[in-house]
Amino acid sequence: MIKVGIIGATGYAGAELVRILMNHPDAEIVWLGSKSYAGQPFPDIYGSFFEIADEKCMAEDMDALSDAADVIFTATPQGLCSSLVCESVLSKVKIIDLSADFRIKNAERYEAWYGIHHPSPQYLPEAVYGLPELNREEIRKARIIANPGCYPTCSILSIYPAVKEGLIDPDTIIIDAKSGTTGAGRGAKTANLYCEVNENIKAYGVATHRHTPEIEDQLGYAAGREILLNFTPHLVPMERGILVTAYASLKKDVSYEDVKAVYDSYYKEERFVRVLGTDRVPETRYVKGSNYADTGFRVDGRTHRLIMMGAIDNLVKGAAGQAVQNMNLMFGLPEEEGLTAVPMAF
């Protein structure tokens, strides 16, 4: 059994990790860390775990946890994991960080977008960006995984094949993305109150959202050069889900069949990426509660653009599910273990 510790277990992504790992046949949770709820039984925070996970939350002590666990998930705000990771810890455990601390390889770029100092830039070169569909073999050998953000996961999976195969001009990419409110975290914020969100939709982080450099970096690796793109997220009145609609100018004349062949060549062997046909477009309800990512596209001959679409559950494939997928790879388990739940359509 893989002994698992979670720091930040009482946030939305942390609680989703607990839910998934409770059903994982080869994982045992040995530590539920929570700064806000230390000493309180976990079911007191999430009643769904009553008589299922009765453990008390413990302090967020990475040193002590590294002696008890084989892998540590950090579902915490930016800056915490990078302030705690060290050789002593990494000599004993593997780290899967759900924050942005190790996603951006350039420390100055990270600091500019996130507005905080990076305390351990020496680990940036070895940290592996944990998108299995792109970096599977590197993930298997890693000590530190930078679990991708939710918006970047959906955006990259939706756009990557078209960039990698040179179908589109990457400098013309415009990403319109929409997320449920769990993406903003569990902290009390006026902007996320029911009366503020219900019956409303709004853009936020316009031209400044911190997931922009992460998307640019990963698609830039695909393009073989630096790229700039527009990314605008929106908050919609639902709990879970991300929907991405991206647009880019085509570099050559292609048919729907041409593009479908490209996407199929990248994803036909992927357990969790489903390429939809012409009669379907991605919908958040058809991936809800699952680790699936649905992708689709349309060729707009009139404007000579490719329209690329994707949908994921922001808490599963966009966070906790992908983190478990990475854990499975790191420990030599079947990649889908513990992640085969069918999406909840309603």
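Criteria and cut-off values
Residues numbered from 1 in each chain as written. Predicted model: local features only at pLDDT ≥ 70, side-chain atom pairs only at ≥ 80, totals over all residues. Heavy atoms only, no water. Core = buried A, V, L, I, M, F, W, Y, C linked by side-chain atoms within 4.5 Å. Buried < 20%, exposed > 50% of the residue type's maximum accessible area, 1.4 Å probe, protein only. Helix = DSSP H or I, 4+ residues; strand = E, 2+ residues; numbered from the N terminus. Phe/Tyr/Trp six-rings, centres within 6.5 Å; stacked < 30°, edge-to-face > 60°. Lys NZ or Arg CZ within 6 Å of the ring centre and 35° of its normal. Pairing = 2+ DSSP bridges. 1 Å grid on protein atoms, 1.4 Å probe; cavity = no way out; pocket = protein on both sides within 12 Å on 5 of 7 lines; lining within 4 Å. Points joined across faces, edges and corners; volume = space filled by probe spheres on them. Nonpolar A, V, L, I, M, F, W, Y, C, P; charged D, E, K, R; others polar. Salt bridge = Lys/Arg side-chain N within 4 Å of Asp/Glu carboxyl O. Contact = heavy atoms within 4.5 Å. Axes fitted to C-alpha atoms, helices over the stretch in contact; angles between N-to-C directions.

Asks: When you look at the nonpolar core in this model, what are you seeing that I'm missing?
Replies: What tends to happen in soluble globular proteins is that the nonpolar side chains get buried as a cluster. Within the largest apolar cluster, 41 residues are counted, with the highest numbers of intra-cluster contacts made by Ile 6, Leu 21, Phe 73 and Met 327. If you list the elements that add at least two residues to this core, you get strand E1 (2–7), helix H1 (12–21), strand E2 (27–33), helix H2 (42–45), strand E3 (71–74) and helix H12 (316–330). In terms of residues, this core owes the most to one element, H12, which gives eight residues.

Asks: Could you clarify how one ought to interpret the packing of aromatic side chains in this entry?
Replies: Working definition: an aromatic ring pair is given by the centre-to-centre distance plus the angle between the planes. Scanning the entire structure with this criterion turns up nine aromatic pairs. Members of the aromatic cluster, joined through ring pairs, are Tyr 256, Tyr 263, Tyr 267 and Phe 297. Lying over the aromatic face of Phe 331, Lys 94 brings its terminal NZ or CZ to 5.9 Å of the ring centre. Above the face of the Tyr 292 ring, Arg 274 is positioned so that its terminal group lies 4.6 Å from the ring centre.

Asks: When you look at the sheet that holds strand E9 (residues 230–235) in this model, what are you seeing that I'm missing?
Replies: Hydrogen bonds between backbone groups are what pair the strands of a sheet, and the pairing can be parallel or antiparallel. Judged by pairing direction, the sheet is mixed, and its seven strands sit side by side in the order E8-E9-E7-E10-E13-E12-E11 without closing on themselves. At either margin of the open sheet sits one strand with a lone partner, and together these are strand E8 (202–203) and strand E11 (273–275). Sheet topology places E8 next to E9; two bridges connect them, and they run antiparallel. Residue pairing for E9: Lys 202 is matched across the bridge by Leu 235.

Asks: Just checking my understanding: could you explain the layout of surface pockets for this structure?
Replies: The method is simple in principle: a probe with the dimensions of a water molecule rolls over the atoms, and the space it marks as empty is what remains. Within this model, the largest pocket holds a volume of roughly 1,400 Å³. Lining the largest pocket are 48 residues, and of these Gly 183, Ala 184, Gly 185, Arg 186 and Lys 189 lie nearest its centre. Elements supplying a minimum of two residues to the lining of the largest pocket: H1, helix H8 (150–164) and H12. The class makeup of the residues in the lining of the largest pocket is 18 nonpolar, 23 polar and seven charged. Here the second largest pocket is characterised by a volume of approximately 310 Å³. Contributing to the lining of the second largest pocket are 14 residues, with Glu 16, Arg 19, Tyr 46, Arg 240 and Leu 315 lying nearest its centre. Per-class residue counts for the lining of the second largest pocket are six nonpolar, three polar and five charged.

Asks: Before we go on, may I ask you to explain the pattern of salt bridges in this structure?
Replies: One pass over the full model with this rule turns up 19 salt bridges. With its nearest N and O atoms 3.1 Å apart, the salt bridge here joins Glu 87 to Arg 143. You can see Glu 87 sitting in helix H5 (residues 87–90) and its partner Arg 143 sitting in the loop between helix H7 (132–140) and strand E6 (144–146), a full 56 residues away along the chain. Under the relative-accessibility criterion, Glu 87 is labelled partly exposed at 42%. For Glu 126, the salt bridge is made with Arg 143, and the minimal N-O distance between the two is 2.7 Å. Of this pair, Glu 126 sits in the loop between helix H6 (107–114) and strand E5 (128–129) while Arg 143 sits in the loop between H7 and E6, and the two are 17 residues apart along the sequence.

Asks: What is the right way to read the pairing of strand E7 (residues 174–179) from this model?
Replies: The side chains of a regular strand alternate, first on one face of the sheet and then on the other. Burial of the side chains of E7 is restricted to one face: Ile 175, Ala 177 and Ser 179 are buried, whereas none of Ile 174, Asp 176 and Lys 178 on the reverse face is. Pairing between E7 and E9: six bridges, direction parallel. When the bridges of E9 are listed, Ser 179 appears paired with Leu 235. Of the pairings in the sheet, the one linking E7 to strand E10 (residues 242–249) comprises six bridges and is antiparallel in character. Bridging across to E10, Asp 176 finds its partner in Thr 245.

Asks: What is the right way to look at the sheet that holds E6 in this model?
Replies: A sheet is described by the order of its strands in space; here six strands give the open sequence E2-E1-E3-E4-E6-E5, paired in parallel fashion. Where the open sheet ends on each side, the last strands, each with one partner, are E2 and E5. Pairing geometry for E1 and E2, over six bridges, is parallel. Note that in E2 the partner of Gly 5 across the bridge is Trp 31. Along the sheet face, H1 touches E1, E2 and E3 and points at about 160° away from the line of E1. H12 rests against E1, E2, E3, strand E4 (94–97) and E6 of the sheet, and its axis sits at about 160° to E4.

Asks: It is not clear to me how the environment of Val 89 should be interpreted in this structure. Could you clarify?
Replies: Assignment of secondary structure puts Val 89 in helix H5. A sequence separation of 26 residues divides Val 89 from Asp 63, and the C-alpha atoms of the two residues are 6.5 Å apart. Non-local contacts of Val 89, meaning those with residues more than four positions away in its chain, are made with Met 62, Asp 63, Ser 66, Leu 84 and Ile 95.

Asks: What should I look at first to understand the pairing of E3 in this one?
Replies: The side-chain alternation of E3 yields two buried faces, one formed by Val 71 and Phe 73 and the other by Ile 72 and Thr 74. Pairing of E1 with E3 involves four bridges; the strand directions are parallel. Counted as the bridge partner of Gly 5 is Ile 72 from E3. Inspection of the sheet shows E3 paired to E4 by four bridges, in the parallel sense. In the strand pairing of E4, Thr 74 is matched with Asp 97.

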